[in-house]
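Structural overview for review
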Amino acid sequence: MPSVRDVTLDLLRERRLTRIFANPGSTEVPFLTGFPEDIEFVLGLHEGAVVGMATGWAIATDEPAFVMLHTTAGLGNAVGALATARVNRAPLVVVVGQQDRRHLELEPFLTGRLSGLAGDYPVSVAEPVRAQDVPALIDRAWHEARWDRGPALVIVPMNDWLEEAGEPHELVSPRRVLRGALASATQVAALAELLDGAAAPALVAGALADTPAAWSAVVSLAERLDCPVWQESFGARAGFPQDHPLFAGHLPADRTRLRRTLAGHDVILSVAAPVFRQYRFDAGPLVEPGTSLALVTEDATEAHRSPVALALVADVADVCRQLAERLPQRTGAVREPPAPEPDPIEARSDAPLRARDVFDALAARLPADAVVIEETPSSKPDLHAALRARAPLGFLSAAMGGLGFALPAAAGVRMALPERPVVAVVGDGSSLYSIQSLWSAQRYRCGVLYVVLNNGGYAVMDRLAEAQRAGERGPWPVIDDVDYAALAGAFGCPAERVETGEQLQQALGRLVPTLAVRDEPFLLEVVVEPGERFEP
Ligand SMILES: Cc1ncc(C[n+]2csc(CCOP(=O)(O)OP(=O)(O)O)c2C)c(N)n1
């Protein structure tokens, strides 16, 4: 008679969940002991790193990743990363181990109060009434993670795994789901009418358009309208080629500048970006009075909280393609995108390096298919200006700002896409939230280039404190005594520290050509001066 564990392992194979990202404890031992070799086990040394790697992997494969966490301590450590997975729309099937159900009511050691621990960030949380329900709930979690785009949790008491599964064992979810999400001609006509009447339309592209199909459809639509395309602020991904002549830049992070940037456009269509996610509130309307806002997205909840005149919830690529076909060719007065400031670091070889120099040096060398994973709080606008996404998944970031994502996510992306160069560019402070993921990157042969910008502390926090009250600082100290290259070395990840433009050029000249083929991570610590100005 097969056990619940046997049936679950078969289910994992059927659903191609053949890689398990975990940090296990005693409650997971019955499942993991004697683990089959065809399911690869990936150990993360902290649950933030476990979920971050799984998130990178799920995003890069566009399929659910399987995660296993250890009761309260494990799930508790993972909550921030699970929230990031939800906002980044990464499908995760997360099994959380629980004490043996036969004495749960006594609340023995390791009993977890688990169902509410991650709040409402999971797309679903299931607890099997009987051990025999475990495989069915994991299967349902797979569907929910995949379609609701986020982490689906299943809490499994440790003794359930070795119970008899019962025969024949029934899985109560469909084996295959086909979903239709195409807009009808009438629905597209409503949007087309709005755009057709526009004197000066504009597009805003967002993370949900970051697929090859949506990229080309948004490009066709933008070219048809001959209008500028902005990138949403705080986006998780790009959604439009940022080297295209119609690319106008990233929307600013505060309401006033956002309104000014979009002024002069009478119809603004947001393609797969919520309207809007800017950070700072200022008095005044979101856009100039008289501007019509519209949205096309696959995410109904995103549509429900967007104050637009018209929202169309449907397949974004299909809607853009249909719009491009039915709208007449417009000739607009197209603004030239701002040329990147030429500032070769050779010209300032004596001066301390700035973050911008590092981005320029990377931009000059990275190939168009590179995946850049960003976590550089104080220099994010400079990174956007210099390192433009030129292919889908060319840019990836934690869409809700939780630090500790870039390092593990980069390892997960590289595991999934071993042919694409992967570079994680992170602040020194940011790197410390999941620094132990360097160990997983070297253990699982993920050839990521980690560039750590060492500016001696939390620069963005210093700038924000100054903006709060001129001449003031916060009580947090500088962090200028951490040796990042040595930390990487301690985890088995080769590393180097550079301080001059020449050293930087040499290191990148050596490392970048290896990125498509290397199977060993490398951490490049670059000493930079903290930026003086900060305008996100
Ligand atoms: C998990 C988490 N904790 C705290 C913060 C708040 N926070 C935002 S930026 C920042 C400092 C980041 O420092 P660093 O990575 O060195 O970047 P810099 O500001 O120097 O560019 C902090 C602590 C956060 N976003 N996420």
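Residues numbered from 1 in each chain as written. Predicted model: local features only at pLDDT ≥ 70, side-chain atom pairs only at ≥ 80, totals over all residues. Heavy atoms only, no water.

Here the focus is the site of the ligand. Contacts to the ligand come from 15 residues, most closely from Ser378, Asp428, Gly429, Ser430 and Val460. Contact distances for the ligand include 2.6 Å between an oxygen atom and a side-chain N or O atom of Ser430. When the free accessible area of the ligand is taken as 590 Å², the share hidden by the protein chains comes to 76%. Counting only elements with at least two residues in the shell around the ligand, the list comes to helix 14 (428-431) and helix 16 (459-468). With 3 residues, the top contributor of residues to the shell around the ligand is helix 14. Of the residues contributing to the shell around the ligand, the split by class is 6 nonpolar, 8 polar and 1 charged. (Near = heavy atom within 4 Å. Polar contact = N/O pair within 3.5 Å; in protein donor to acceptor, adjacent residues only side chain to side chain. Areas by Shrake-Rupley, 256 points an atom, 1.4 Å probe, with all protein chains shown as cover. Helix = DSSP H or I, 4+ residues; strand = E, 2+ residues; numbered from the N terminus. Nonpolar A, V, L, I, M, F, W, Y, C, P; charged D, E, K, R; others polar.)

In this structure, Ser437 sits in helix 15 (residues 437-443). Of note is the side chain of Ser437, whose polar atom sits 2.6 Å from the backbone oxygen of Ser434. Apart from residues lying up to four places away in sequence, Ser437 is in contact with Ala49, Leu407 and Pro408. (Contact = heavy atoms within 4.5 Å.)

So, about a nonpolar patch on the surface. On the surface, Tyr279, Leu403, Tyr433, Tyr458, Met461 and Leu464 cluster together into a nonpolar patch covering about 560 Å² of accessible area. Positionally, Leu464 belongs in helix 16. Of the residues examined, Leu464 reaches a relative accessible area of 33% and is grouped as partly exposed. (Patch = residues over 30% accessible without salt bridge, like charges linked within 9 Å, V, L, I, M, F, W, Y side chains within 5 Å. Salt bridge = Lys/Arg side-chain N within 4 Å of Asp/Glu carboxyl O. Buried < 20%, exposed > 50% of the residue type's maximum accessible area, 1.4 Å probe, protein only.)

Our focus in this paragraph is the domain arrangement of the chain. Partitioning the chain into structural domains gives domain 1 (4-162), domain 2 (185-326) and domain 3 (355-527). Taking only C-alpha atoms, the centre of domain 1 and the centre of domain 2 are 36 Å apart. The interface of domain 1 with domain 2 comprises 4 residues on the first partner and 5 residues on the second. The junction of domain 1 with domain 2 conceals about 370 Å² of combined surface from both sides, 50% of it contributed by carbon and sulfur atoms. Looking only at domain 1, the three residues that lose the most surface to domain 2 are Ile59, Asn88 and Arg89, adding up to 86% of its buried area. Asp299 is paired through a salt bridge with Arg89; the nearest N and O atoms lie 2.6 Å apart. Taken together, the connections running from domain 1 to domain 2 amount to 1 residue pair in polar contact (both at pLDDT 80 or more). Of the residues that constitute the side of domain 1 that touches domain 2, the class distribution is 2 nonpolar, 1 polar and 1 charged. (Domains from an automatic or database assignment. Buried area = accessible area lost by both parts, 1.4 Å probe.)

The next subject is the nonpolar core. If you look at the biggest cluster of nonpolar residues, it comprises 56 residues, and the most contacted ones within it are Phe21, Leu92, Ile373 and Tyr450. Lining this core are residues from two domains, each supplying at least three of them: domain 1 (4-162) and domain 3 (355-527). Leaving out residues up to four positions away in the same chain, Tyr450 has contacts with Leu407, Ala410, Ala411, Ala424, Leu438, Ala441, Pro521, Phe522, Leu523 and Leu524. Residues Leu195, Ala217, Val219 and Ala314 belong to the second largest nonpolar core, which totals 37 residues. (Core = buried A, V, L, I, M, F, W, Y, C linked by side-chain atoms within 4.5 Å.)

Here we take up the packing of aromatic side chains. Applying the stated criterion across every chain, the model contains 5 aromatic pairs. Geometrically, the ring pair formed by Phe31 and Trp161 is tilted, given 4.3 Å between the ring centres and 40 degrees between the ring planes. Of this pair, Phe31 sits in helix 2 (residues 29-32) while Trp161 sits in the loop between strand 6 (151-157) and helix 6 (185-196), and the two are 130 residues apart along the sequence. With respect to class, Phe31 is no different from Trp161; both count as buried. With 6.2 Å between their ring centres and 70 degrees between their planes, Phe234 and Tyr279 make a pair best called edge-to-face. Placement of Phe234 in the loop between strand 8 (229-231) and strand 9 (247-250) and of Tyr279 in the loop between strand 10 (267-271) and strand 11 (292-297) is noted, with a sequence separation of 45 residues between them. Residue classification places Phe234 among the partly exposed positions, given a relative accessible area of 27%. Every member of this aromatic cluster is reached through a ring pair, and the members are Phe31, Phe35 and Trp161. (Phe/Tyr/Trp six-rings, centres within 6.5 Å; stacked < 30°, edge-to-face > 60°.)

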